[in-house]
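This is what each chain is made of:
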Amino acid sequence: MSAADYLETKDGAKIYYEDHGEGQPILLVHGWLCSSKFWQKNVPELAHEFRVVTIDLRGHGNSSKTLTGHTIAQYARDVRQIIEHLKLQDDILLGWSLGGPVVLSYYEQYGRDSSLKALGLVDTAPFPFSPAEWNSHALRNYSYDGMNATFAVYTADPRKFAVAFTNRMFKQKPSDAETDWVVAEMMKTPTWIAEAIYSDFLMSDFAKTLPSIKVPVIVFAANSGVFRNGIAMGEAIADQAPHGTFIPFEDAGHMLFYEQPQKFNAALAAFIKAL
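Conventions we followed
Residues numbered from 1 in each chain as written. Predicted model: local features only at pLDDT ≥ 70, side-chain atom pairs only at ≥ 80, totals over all residues. Heavy atoms only, no water. Helix = DSSP H or I, 4+ residues; strand = E, 2+ residues; numbered from the N terminus. Buried < 20%, exposed > 50% of the residue type's maximum accessible area, 1.4 Å probe, protein only. 1 Å grid on protein atoms, 1.4 Å probe; cavity = no way out; pocket = protein on both sides within 12 Å on 5 of 7 lines; lining within 4 Å. Points joined across faces, edges and corners; volume = space filled by probe spheres on them. Nonpolar A, V, L, I, M, F, W, Y, C, P; charged D, E, K, R; others polar. Pairing = 2+ DSSP bridges. Axes fitted to C-alpha atoms, helices over the stretch in contact; angles between N-to-C directions. Phe/Tyr/Trp six-rings, centres within 6.5 Å; stacked < 30°, edge-to-face > 60°. Lys NZ or Arg CZ within 6 Å of the ring centre and 35° of its normal.

### Focus on unusual backbone geometry
Trans peptide bonds make up the majority, and among non-glycine residues the majority have a negative phi. Within the chain, N141 stands out as a residue other than glycine whose phi angle is a positive 65°. Among the structural elements, N141 can be located in the loop between β6 (118–122) and α4 (144–156). Looking at N141, the relative accessible area reads 46%, which means it is partly exposed. With phi around 55°, Y142 is a residue other than glycine that occupies positive phi space.

Right, here's the structure in full:
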């Protein structure tokens, strides 16, 4: 089974999704400025054994560029509507980067009344502004000035920003073709949407959610130009979840699932089968 379609949410946003394979459902949530295309090295293999659903968050990729709803909590509500629309049961919900807090917000809002079987957190910061020692985000300790300076640079030249961001995400220098498609996807998100959701991401504390999670959680992390001490942060995140499993990627960067897809796919599949 393979399909691509749109779901119109209760507030009128149109969310693009793809639905591949059959079996245990996995829903993959991408990061800031990204899209479902970033899972291109994972979906085909995982879909041999599982039902794999990918989405483009509102304002990103092929989804509509709405004027409202650009908060982590609303993105989680959009995920809920996709899950209900596709009638997913016993699903594994996995979020990368900004998608991690979306997944944690989903658990906060629906964890007690859903059939959620497990969570996955991929190279993410559950509270980027946190002053805690485990936090490896560049804007840790409430760096409002840093946030505003970042947005000023981004607004002045979005394409230049996207190219630099792409280079920080990879452990090994990406090819020209890889840079081109990544930047093309990032340019699909308008700057005002990007800044609205990223500021909410920075200021939202989902680290406090980790100790309350009753389902198994798998955490993937790497060191990169995005999170220089990402492995230590990922291990700390896994330790804060009561049923956490940690998988470090020493030879990959922020896009660890793209740079080392075989390792990522195998680890995720093994985790799911052991549930």
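### Here we look at the layout of surface pockets
Each pocket or cavity is described by its volume, and for the largest pocket that value is around 350 Å³. Where the lining of the largest pocket is concerned, the elements lending two or more residues are α5 (158–169) and α7 (191–203). For the lining of the largest pocket, the element with the highest residue contribution is α5, accounting for four residues. For the lining of the largest pocket, the per-class residue count stands at 12 nonpolar, seven polar and two charged.

### Overview of the sheet that holds strand β4 (residues 51–55)
Overall, mixed pairing links the eight strands, which are arranged β1-β2-β4-β3-β5-β6-β7-β8 in an open sheet. The sheet is open, and its two borders are formed by β1 (2–8) and β8 (244–249), each paired with just one other strand. Looking at each pair of strands side by side, their axes are set apart by 20° on average, direction ignored. The pairing of β6 with strand β7 (residues 217–222) spans four bridges and is classified as parallel.

### Remarks on the packing of aromatic side chains
Counting across every chain of the model gives 23 aromatic pairs. Pairing W39 with W96 gives two aromatic rings, centres 6.3 Å apart and planes at 75°, and the pair type is edge-to-face. Taken together, the positions of W39 in the loop between β3 (25–29) and α1 (43–46) and W96 in strand β5 (residues 92–96) put the pair 57 residues apart, joining distant regions of the chain. The same class applies to W39 as to W96, namely buried. Summarising the aromatic geometry, the rings of W96 and F257 are spaced 4.8 Å apart at their centres and angled 75° between planes, so their arrangement reads as edge-to-face. Placement of W96 in strand β5 and of F257 in helix α9 (residues 256–259) is noted, with a sequence separation of 161 residues between them. Taken individually, W96 and F257 each receive the classification buried, so the pair is uniform in this respect. Counting every residue linked through ring pairs, the aromatic cluster contains F38, W39, W96, F170, W181, F220, F249, F257, Y258 and F264. The lysine or arginine in question, K41, covers the ring of Y258, its NZ or CZ lying 4.0 Å from the ring centre. Sitting over the ring of F249, K263 keeps its end group 4.3 Å from the ring centre.

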